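Here is what each chain is made of, one letter per residue.
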Amino acid sequence: MTDDTITRIEPRRFRDESDPRPQVVVIEGEARGQVVMVDSELRIGRRPDNQLVLPSPAVSKYHARITMEGGRLSIVDLGSTNGSMVNGVSLEGHASRDLYHGDTLVLGDHTLIFRNEGTFTDKKTGMSTIAFDMSKVREEVDLLLEGYPDLDT
């Protein structure tokens, strides 16, 4: 490997919590602690011209890319040697997969967490603030199941 193939980096620490942009946090691997904001695109790999550099021979030069289309973020493996996984499921070929808050990404020997808290997440707990009126949910379920007499509600 040449010097331009693997780059040593100093990890950046966590972002200002008032920044609402989605982010990728490296939680395992040599780049542990690095945090990168996702705007319209985030290129990930071991080459220094990527926006998120993962300095490891287990990570391809251009490993994966996160893109935003229509307000949705998705990840695609760029034909990496060691592949990419989202929540334990491999990305096949150049297939794209939507990303959601809390998704775990494994790229080579690095593990990352995707964070996109949005307006429905409590900043202190990281939990959803969406509340359901259970009586209304039950009414809607009962209405849906009325046409299925074989089901015991």
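Up top is the structure.
Rules of the game
Residues numbered from 1 in each chain as written. Predicted model: local features only at pLDDT ≥ 70, side-chain atom pairs only at ≥ 80, totals over all residues. Heavy atoms only, no water. Salt bridge = Lys/Arg side-chain N within 4 Å of Asp/Glu carboxyl O. Helix = DSSP H or I, 4+ residues; strand = E, 2+ residues; numbered from the N terminus. Buried < 20%, exposed > 50% of the residue type's maximum accessible area, 1.4 Å probe, protein only. Core = buried A, V, L, I, M, F, W, Y, C linked by side-chain atoms within 4.5 Å. Contact = heavy atoms within 4.5 Å. Pairing = 2+ DSSP bridges.

In a structure, side chains of opposite charge can pair up when their charged atoms sit close to one another. Per the stated rule, a full pass over the model turns up 6 salt bridges. Here Arg65 makes a salt bridge to Glu41, at a shortest N to O gap of 3.5 Å. With Arg65 in strand β5 (residues 64-69) and Glu41 in strand β3 (residues 41-45), this residue pair connects regions lying 24 residues apart in the sequence. A relative accessible area of 28% places Arg65 in the partly exposed class. With a closest N to O distance of 2.9 Å, Asp98 and Arg72 form a salt bridge. In this pair, Asp98 is assigned in strand β9 (residues 96-98) and Arg72 in strand β6 (residues 72-77), connecting sequence segments 26 residues apart. For Asp98, a relative accessible area of 29% corresponds to the partly exposed category. Connected through shared salt-bridge partners, Glu41, Arg43 and Arg65 make up one network.

Attention now moves to the nonpolar core. Nonpolar side chains tend toward joint burial in soluble globular proteins. Of all hydrophobic cores here, the largest spans 21 residues; its most connected members are Val24, Leu42, Leu52, Leu54, Ile66, Ile75 and Leu112. At the level of elements, β1 (23-28), β3, β5, β6, β10 (104-107) and β11 (110-115) are the ones that each hand at least two residues to this core.

As a further point, take the environment of Arg65. Between the alpha carbons of Arg65 and Leu78 there is a distance of 7.1 Å; along the sequence they are 13 residues apart. Apart from the residues within four sequence positions on either side, Arg65 is in contact with Glu41, Leu42, Arg43, Ser74, Ile75, Val76 and Leu78.

Glancing now at the sheet that holds strand β8 (residues 89-90). Taken in spatial order, the 6 strands of this open sheet run β2-β1-β11-β10-β7-β8, and their pairing is antiparallel. Single-partner strands in this sheet number two, and they are β2 (35-37) and β8. The pairing of β1 with β2 spans 3 bridges and is antiparallel. By the bridge assignment for β2, Val25 is matched with Val35.

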